[in-house]
Amino acid sequence: MRIMKKPSILLIYTGGTIGMRSDANGTLVPFDFNAMYEEIPSIKRLNVDIDVLTMTPIDSSNVTPRRWVELAEIIRDNYRRFDGFVVLHGTDTMSYTASALSFMLENLAKPVILTGSQIPMGILRTDGRENLITALEIAGAVRDGRPVVPEVALYFQNRLFRGNRTTKQSAEELSAFSSYNYPALAEVGVNIAYNHAAIAHPVDDGGELRIATSLSEGVVVIKLFPGIGEGILRAILSVDGLKGVVLETYGSGNAPTSEWFVAALREAIARGIVVMNVTQCAGGSVSMGLYETGMRLQSLGVISGHDMTTEAAVTKLMYLLGGERPDAERRRLLLEPVKGEFTPDDVA
Ligand code: ASP
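Presented here is a report on the structure given in the accompanying data block. Computed from a predicted structure; not experimentally measured.

This next bit is on the side chain of Thr126. Note on placement: Thr126 falls in the loop between strand S7 (112-115) and helix H4 (128-139). We classify Thr126 as buried; its relative accessible area is 12%. Polar contacts involving the side chain of Thr126 include one to the main-chain amide nitrogen of Gly128, which spans 2.8 Å. In contact with Thr126, not counting residues within four places along its chain, are Ser117, Ile119, Pro120 and Met121.

What follows is the structure, given as structure tokens:
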């Protein structure tokens, strides 16, 4: 697949702050992305052709796996027609959506760039204009006839990140996202400086895009804290339909060694529940062999989430525990990176 003409981009608007403008009375009303060229005439100067598709706009706090499936279907249905995709999304759950899409879009070979803003598009000081323009430019960037960023990525405030490595880290700063455990895919200043070595390129270039549409609803996050109670932990672990637990542990993957805690986890794992260990720390990795408290979890069959974000771990479990998949394949995919979502120990 070589891009020889002006790249074509599908801009998908899903909602969020970026899609608001103020009307004549100063009230925030939805921004019409179909009239984008009138609102932001400078976009015409970009060397890309843009089509706009507006989904029913929602605040991203209302995002559900059903919405991710709709988004994945839109991308699949338009995959051949466009060279890249930009998804405008509320910032609150953007990292979850980026992580989910990274797993759901199997064999992706084109850019899917998510962005949004902290200040509405219609406010003079908006960060949305620059985020949108640069995301479009990145989605259309071509090198030797091929897309520069053929993966699900998130662009915000001068930095492009691998989507499933991001976390919303500030409700206030314009630089709202961080990727603590993986370098930026690009830094944007006067020029866009791509970190080509950090960008993933599909092995099966040119193959068909497949989408996963069956995501498990049986996933929960349990964040440890001193004083977590046995009754509550056991109640969560025995809920009907539970299939996977993201266990947010301390530091490098440590948890209490008390008998009741260990027994509750052992029993859940024996019932076939997948327990994945991620750290509560923003940066760094789980290393269960380091302390006795971590080793105990390892011996129970808890799976290391390495340096995965909670967002990536939750959506990876939804993806792997949904749908039909041979057990051996599921097990293998739980232990290895599927879309660069964690750093394996041998390269850490
Ligand atoms: N609540 C908004 C949302 O996530 C915030 C934003 O867009 O920044 O949809």
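From this point, the narrative continues.
Reading across from one edge, S17-S18-S19-S20 is the order of the 4 strands in this open sheet, with parallel pairing throughout. Looking at the sheet topology across the chains shown, the edges are occupied by strand S17 (219-223) and strand S20 (303-304). Summarising the sheet, strand S19 (residues 274-279) and S20 pair through 2 bridges and their orientation is parallel. Note that in S20 the partner of Met276 across the bridge is Ile303.

This part takes up the sheet that holds strand S14 (residues 186-188). The sheet built from 8 strands is open, its strands ordered S4-S1-S5-S7-S10-S11-S14-S15 with mixed pairing. Each edge of the open sheet carries a strand with a single partner, namely strand S4 (49-54) and strand S15 (192-194). Taking each pair of neighbouring strands and ignoring which way they run, the sheet shows an average axis angle of 20°. Across 3 bridges, the pairing between S14 and S15 is antiparallel. Within S15, the residue paired with Glu187 across the bridge is Ala193. Contacts from helix H3 (residues 94-104) reach S7 and strand S10 (152-156) within the one sheet, and its direction differs from that of S10 by about 155°.

The subject of this paragraph is the site of the ligand. What surrounds the ligand is the set Gly16, Thr17, Asp59, Ser60, Gly90, Thr91, Asp92 and Ser117. Separating a nitrogen atom of the ligand from a side-chain N or O atom of Asp92 is a distance of 2.8 Å. Starting from 270 Å² of accessible surface for the ligand in isolation, the protein chains cover 88%. Tallied by class, the residues present in the shell around the ligand amount to no nonpolar, 6 polar and 2 charged.

This part is about the packing of H3 against helix H8 (residues 310-321). The interhelical angle for the contact between H3 and H8, taken along N-to-C directions, is 40°, at an axis separation of 8 Å. With respect to H8, the axis of H3 lies oblique. Seen from above, H3 lies across H8 with right-handed handedness. Mapping the contact onto sequence places Ser95, Tyr96, Ser99, Ala100, Phe103 and Met104 in H3 and Glu311, Ala312, Thr315, Lys316 and Tyr319 in H8. A breakdown of the residues in the contact of H3 with H8 according to their chemical character gives 6 nonpolar, 3 polar and 2 charged.

Of all 6 residues making up S19, 6 are buried, and the element is well covered by its neighbours. On S19, burial covers both faces: Val274, Met276 and Val278 on one face and Val275, Asn277 and Thr279 on the other are all buried. Across 6 bridges, the pairing between strand S18 (residues 244-249) and S19 is parallel. Across the sheet, Leu247 pairs through a bridge with Asn277, a residue of S19. For the crossover that starts at S18, traverses helix H6 (residues 259-270) and ends in the parallel S19, the hand is right-handed.

Listing the buried residues of helix H7 (residues 292-300) in full gives Gly294, Leu297 and Leu300. Along H7, the residues classed as buried sweep out an arc of 120° about the axis, all on the same side. The exposed residues of H7 that point more than 90 degrees off its buried face are Glu292 and Ser299. Taken together, the buried residues of H7 touch S18, H6 and S19. Positive backbone phi, at 100°, marks Gly301, one or two positions downstream of H7.

Calculation criteria
Residues numbered from 1 in each chain as written. Predicted model: local features only at pLDDT ≥ 70, side-chain atom pairs only at ≥ 80, totals over all residues. Heavy atoms only, no water. Helix = DSSP H or I, 4+ residues; strand = E, 2+ residues; numbered from the N terminus. Buried < 20%, exposed > 50% of the residue type's maximum accessible area, 1.4 Å probe, protein only. Polar contact = N/O pair within 3.5 Å; in protein donor to acceptor, adjacent residues only side chain to side chain. Contact = heavy atoms within 4.5 Å. Pairing = 2+ DSSP bridges. Axes fitted to C-alpha atoms, helices over the stretch in contact; angles between N-to-C directions. Near = heavy atom within 4 Å. Areas by Shrake-Rupley, 256 points an atom, 1.4 Å probe, with all protein chains shown as cover. Nonpolar A, V, L, I, M, F, W, Y, C, P; charged D, E, K, R; others polar. Parallel < 35°, antiparallel > 145°, perpendicular 65-115°, else oblique. Left-handed = near helix turned anticlockwise from the far one by under 90°. Right-handed = clockwise from strand over helix to strand, strands pointing away. Arc of directions from axis to C-beta.

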